[in-house]
Amino acid sequence: MTSPISRPVPRTGILDIEAYVPGKSKAKGGAKTFKLSSNETPHGPAASAIEAYKSAGMTLDLYPDGASRALREAIATRYGLDVNRIVCGCGSDDLLHLLATAYIGPGDEGIMTKHGFQIYYIAIQTSGGVPVISEEKNFTADVDDILLRVTPRTKAVFIANPNNPTGTYLPFEEIKRLHAGLPSHVLLVLDAAYAEYVVKNDYTSGLEMVSTYDNVVMTRTFSKIYGLASLRIGWMYAPEEICDIVNRIRGPFNVSGPGIAAGIAAINDTKHVEMSVAHNDKWLNWLSEEVRAAGLEVTPSVANFILVHFSRKPGFTAAEAEEFLAQRGLIVRGVGSYHLPDAIRITIGTEEATRLVAAALREFAAHGAKGNVGA
């Protein structure tokens, strides 16, 4: 006779999920601390967004609009979109989970790339599906490899474009080629969290494809260039049928009232975005060149961060570099959980922070962890 179960037991597969670990927030040394581990903007939100947030504080006793209509209208106006094909969520992570829940069931497969955003893996597993990992080429999604992994069980393909944590991207022609090779019932999810930072002419966030095809979804966030990470606001553009499905299962008030107000102000403040893009373009290129000049490898990035690679020899590893920078007040992100144990990801911060990173990496490249002496 079997003994009775003494406590609630999660369904099969839940305990196989490894929880997402965010970037560190504290450093051990340095006269000042610069958090460069979570790809946050160094400029903060636009003043207009802060003011809108404060004003919304007068109505905290009221439920927000469950449909986020005003925010969706602001997004639609900004990009020339159909408001009925926009769904807002508690960050784009919320929407990615909802898409997986809606379209991936037990035994179904969802494809993601080897160094793709970890939330895809978690979302696929949470829905009971099987994550299928596609190998990358030069730290970039490989369309041919993805298509080789499509099976009758494939229900969705998740692509971060640009990708986090590598900073690489697929040009529009490659995205179109990927879509053309997928069965029409397979959902192509284009996660464009860093789209606003990209200045390449051959890049697209996916809006045009969503307008053309029935199986493409694009997700975006207010957490990066708009500086509203703490408010957790995301949105997706999708065919109306997919929006209808996601609206059936999302939380009824999944975007807060202050979030809606701040989001509207932020997306209308184009000057703040333009300033952020110009700053990032300048210092992304500058830091990449400085790090390469120090003899370290940098993956070409179009986002607001760089991926720096290190050798495995003692004193020069990624973990030692991360610690070395932390002792100087520079908090960066180790990416071993992304199958990149020999690399660290560094957000483009203020000019001061970026110059300090360059100087610290030059010192580390010259002396390794021994440079801690006298720090």
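Going by the structure above, here's the rest.
These lines cover the structure that appears in this document, whether it is placed above or below.

Here is what the cut-offs are and how they apply
- Residues numbered from 1 in each chain as written.
- Predicted model: local features only at pLDDT ≥ 70, side-chain atom pairs only at ≥ 80, totals over all residues.
- Heavy atoms only, no water.
- Disulfide = S-S within 2.5 Å.
- Buried < 20%, exposed > 50% of the residue type's maximum accessible area, 1.4 Å probe, protein only.
- Core = buried A, V, L, I, M, F, W, Y, C linked by side-chain atoms within 4.5 Å.
- Helix = DSSP H or I, 4+ residues; strand = E, 2+ residues; numbered from the N terminus.
- Contact = heavy atoms within 4.5 Å.
- Right-handed = clockwise from strand over helix to strand, strands pointing away.
- Pairing = 2+ DSSP bridges.
- Axes fitted to C-alpha atoms, helices over the stretch in contact; angles between N-to-C directions.
- Salt bridge = Lys/Arg side-chain N within 4 Å of Asp/Glu carboxyl O.
- Parallel < 35°, antiparallel > 145°, perpendicular 65-115°, else oblique.
- Left-handed = near helix turned anticlockwise from the far one by under 90°.

### A few points about the state of the cysteines
For step 1, the next point in the chain: Applying the stated rule across the entire model yields 0 disulfides.
For step 2, the next point in the chain: Unpaired in this structure, Cys-90 has its nearest cysteine sulfur neighbour in Cys-88, at a distance of 12 Å.
For step 3, the next point in the chain: Cys-90 gets classed as partly exposed once you look at its relative accessible area, which sits at 36%.
For step 4, the next point in the chain: Not engaged in a disulfide, the cysteine Cys-243 finds its nearest cysteine sulfur in Cys-88; these two sulfurs lie 10 Å apart.

### Focus on the nonpolar core
For step 1, the next point in the chain: The biggest cluster of nonpolar side chains holds 55 residues, and the ones touching the most others in it are Phe-222 and Trp-235.
For step 2, the next point in the chain: Counting residues per element, this core draws most heavily on helix H9 (residues 257-268), at 5 residues.
For step 3, the next point in the chain: Residues contacting Trp-235, with those up to four places away along its chain left out, are Ile-75, Tyr-79, Leu-81, Ile-86, Val-87, Cys-88, Leu-95, Met-218, Thr-219, Arg-220 and Phe-222.
For step 4, the next point in the chain: Formed by 30 residues, the second largest nonpolar core is a distinct cluster that contains Leu-98, Ala-156, Val-246 and Leu-340.

### Thoughts on the pairing of strand S9 (residues 216-221)
For step 1, the next point in the chain: Taken across its 6 residues, S9 has 6 buried, putting it largely inside the fold.
For step 2, the next point in the chain: Assessed by its sense of winding, the connection that carries the chain from strand S8 (residues 187-191) through helix H7 (residues 207-212) to S9 is right-handed.
For step 3, the next point in the chain: Sheet analysis places S9 next to strand S10 (residues 234-237), joined by 4 bridges and oriented antiparallel. By the bridge assignment for S10, Met-218 is matched with Tyr-237.

### What to know about the sheet that holds strand S11 (residues 297-299)
For step 1, the next point in the chain: Judged by pairing direction, the sheet is antiparallel, and its 4 strands sit side by side in the order S11-S12-S15-S14 without closing on themselves. Of all the strands in the sheet, the pair left with one neighbour each is S11 and strand S14 (333-334).
For step 2, the next point in the chain: One ladder, built from 5 bridges, connects strand S12 (residues 305-309) with strand S15 (residues 343-347); its direction is antiparallel. Bridge assignment links Ile-306 to a residue of S15, and that residue is Ile-346.
For step 3, the next point in the chain: On the sheet, helix H10 (residues 270-293) packs against S11 and S12 and is oriented at approximately 10° with respect to S12.

### Quick notes on the sheet that holds strand S7 (residues 154-160)
For step 1, the next point in the chain: Here 7 strands make up an open sheet; going across it, the order is S2-S10-S9-S8-S7-S3-S4 and the pairing mixed. The outermost strands of the open sheet, each flanked by one partner alone, are strand S2 (86-89) and strand S4 (130-134). Between one strand and the next, the sheet's axes are offset by a mean angle of 20°, whatever the strand orientation.
For step 2, the next point in the chain: Where strand S3 (residues 109-113) meets S4, 5 bridges bridge the pair, whose relative direction is parallel. Each bridged residue has a counterpart across the sheet, and for Ile-111 the counterpart in S4 is Val-132.
For step 3, the next point in the chain: Of the strands in this sheet, S2, S9 and S10 are in contact with helix H2 (residues 69-79), which crosses S2 at around 125°.

### Quick notes on the pattern of salt bridges
For step 1, the next point in the chain: Summed over all chains, the structure comprises 16 salt bridges.
For step 2, the next point in the chain: For the salt bridge of Glu-135 with Lys-114, the shortest nitrogen-to-oxygen distance reads 3.9 Å. Here Glu-135, found in the loop between S4 and strand S5 (136-137), pairs with Lys-114, found in the loop between S3 and helix H4 (118-126); they are 21 residues apart in sequence, far enough to count as distant.
For step 3, the next point in the chain: Put simply, Asp-142 and Lys-137 hold a salt bridge, and the shortest N to O gap is 3.9 Å.
For step 4, the next point in the chain: Given the relative accessible area of 14%, Asp-142 is considered buried.

### A few points about the packing of helix H1 (residues 47-56) against H9
For step 1, the next point in the chain: Direction vectors running N to C along H1 and H9 enclose 155°, while the axes themselves pass 8 Å from each other. One element, H1, and the other, H9, form an angle in the roughly antiparallel class. H1 and H9 meet at a crossing whose hand is right-handed. Contacts from Ser-48, Ala-49, Ala-52, Tyr-53 and Ala-56 in H1 reach Gly-257, Pro-258, Ala-261, Ala-262, Ala-265 and Ala-266 in H9.

### Some remarks on the environment of Glu-196
For step 1, the next point in the chain: Along the chain, the position of Glu-196 falls in the loop between S8 and H7.
For step 2, the next point in the chain: Taking the relative accessible area as the measure of exposure, Glu-196 reaches 12% and is therefore buried.
For step 3, the next point in the chain: Linking Glu-196 and Ile-225, residues 29 residues apart in sequence, is a C-alpha distance of 7.0 Å.
For step 4, the next point in the chain: With sequence-adjacent residues up to four places away left out, Glu-196 is seen in contact with Tyr-79, Arg-220, Ile-225, Tyr-226 and Val-277.

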